[in-house]
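One-letter residues, chain by chain:
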Amino acid sequence: MTLAIVLLAAGKGTRMNSKKQKILHDVGGKPMVQHVFEAAEAEGDLPPVLVVAPGETGVHDLFAERAEYVVQDEQLGTGHATMVTRPFLENRADQIIVTYGDMPLLKAETLRQLADKQVASGSVIVMLSVLGETSSTFGRVVRGEDGGVLEIVEVAEARQRPNTEELLNIRELNAGVYCFDAEFLWQNIDQLPLRQARSGVEYYLTDMIETAVSQERRVDAIITEDPDECLGAGTRPELVNVEKAFRRRANNKWLANGVTLVDPDSTFIDQDVQIGQDTIIWPNTYIQGKTVVGEDCVIGPNTVLRDATIGNGATVEQAVVENAVVEAGTAVLQFSVIKDQ
């Protein structure tokens, strides 16, 4: 089975109030889209396909030949963004995963889990869902008696139905990640209805669930065990929440791997950092980029390591080390700035 992964990356992100596209803002030490791109690259059998807006160059500059690019000339929704990939992907893949470029915490293993479930179950769609609060603005996942998904009901639509309260009290929410049987997708996506949206008219990819159910085809959902996977960042406050989630994930990883974090809430570790066993990290420490810290080190407090290499048993306290090597057993003088020019 050949798997292709599509990342929807054409949105301008106007709520970010920024000169650059929202998916290019850094979280966890990288542009937001790079995290999900690397997850897609790890699991897909073809280069990730990025759906981009006309004239947008930032994503091209970031990934160059690692990706394939499809231009969405008009912003007509998630269904339309998927439609425009058809000439590039039809007859090239058996499975198509579609998700957003602003979900940087989505894991590669989750993408694989969706693809494996789609093959094993024979479902034409397997989607990712998350358990959340009833106050959420995410669409509600409505299941049938056999556990299959019957429909996704958006909040605005739920409020127009007779059973509004029942629908809004559903805690299983649509995360916006879908794995399609490719043959089913291309046979039906051109039939999506055009719906009224806040900014005009759009084709909703969620309507593919209704299409499948109407054809008596099965739709399944996998509930993520990590709600942080479903976090997106369309505004600056949401960007803060995503950054905190990255920090939680990184810090929990290092605590489990034998690293002491004296105060995780004031410790900032980027995703590509490596840290050896029995190293102690004191508060107000920033370990950034591709820094490598050896075993039995003492780092901090009030320290910045940026693309640095720290040998085993070194001590770096109240100092900055950038693009430089600190040899094993070295004690860096306080208030030092060490940079490789």
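Please read all numbers here as calculations on a predicted model, not as lab measurements.

What counts, and where the lines are drawn
- Residues numbered from 1 in each chain as written.
- Predicted model: local features only at pLDDT ≥ 70, side-chain atom pairs only at ≥ 80, totals over all residues.
- Heavy atoms only, no water.
- Helix = DSSP H or I, 4+ residues; strand = E, 2+ residues; numbered from the N terminus.
- Rg over C-alpha atoms; globule rule 2.2 N^0.38 Å.
- Buried < 20%, exposed > 50% of the residue type's maximum accessible area, 1.4 Å probe, protein only.
- Contact = heavy atoms within 4.5 Å.
- Areas by Shrake-Rupley, 256 points an atom, 1.4 Å probe, with all protein chains shown as cover.
- Lys, Arg positive; Asp, Glu negative; His and termini not counted.
- Charge placed at Lys NZ, Arg CZ, Asp CG, Glu CD.
- Phe/Tyr/Trp six-rings, centres within 6.5 Å; stacked < 30°, edge-to-face > 60°.
- Pairing = 2+ DSSP bridges.
- Axes fitted to C-alpha atoms, helices over the stretch in contact; angles between N-to-C directions.
- Parallel < 35°, antiparallel > 145°, perpendicular 65-115°, else oblique.
- Left-handed = near helix turned anticlockwise from the far one by under 90°.

Draft legend 1. Focus on the overall build of the protein chain. A count of helical and extended segments in the protein chain gives 10 helices and 27 strands. At 23 Å, the protein chain has a C-alpha radius of gyration in line with the 20 Å of a compact globule built from 341 residues. When the backbone C-alpha atoms are referred to their principal axes, the protein chain occupies close to 70 × 40 × 40 Å. Burial statistics for the protein chain: of 341 residues in total, 52% are counted as buried. Put simply, 50% of the contacts in the protein chain that link residues at least 6 apart link residues at least 24 apart. If you sum the accessible surface of the protein chain, you get close to 16,200 Å²; carbon and sulfur atoms cover 47% of it. When the 30 positive and 51 negative side-chain charges of the protein chain are each reduced to one mean point, those points stand 4 Å apart.

Draft legend 2. Molecular detail of the packing of aromatic side chains. Overall, the coordinates contain three aromatic pairs when judged by the stated rule. Between the aromatic rings of F37 and F63, the centroid separation amounts to 3.8 Å while the plane-to-plane angle is 15°, which identifies the pairing as stacked. Of this pair, F37 sits in helix α1 (residues 32-43) while F63 sits in helix α2 (residues 58-63), placing them 26 residues apart in sequence. For the pair formed by F37 and F63, the shared burial category is buried.

Draft legend 3. Spotlight on the pairing of strand β8 (residues 140-143). As paired elements, β8 and strand β9 (residues 149-153) share four bridges and run antiparallel to each other. Looking at β9, one finds that R140 is bridged to V153. The antiparallel hairpin formed by β8 and β9 contains five residues in its connecting segment, where G147 sits at a positive phi of about 90°.

Draft legend 4. Inspection of α1 at higher detail. For α1, the tally of buried residues reaches nine of 12 residues, placing the bulk of the element in the interior. Taken together, the buried positions of α1 are M32, V33, Q34, H35, V36, F37, A39, A40 and E43.

Draft legend 5. Examining the packing of α1 against helix α5 (residues 108-121) more closely. Where α1 meets α5, the closest approach of the two axes is 8 Å, and the angle between their N-to-C directions is 45°. The angle between α1 and α5 falls in the class oblique. The hand of the α1/α5 crossing is right-handed. Taken together, the residues of α5 that come into contact with α1 (itself represented by A39, A40, A42 and E43) are A108, E109, L111 and R112.

By themselves these figures say nothing about function.
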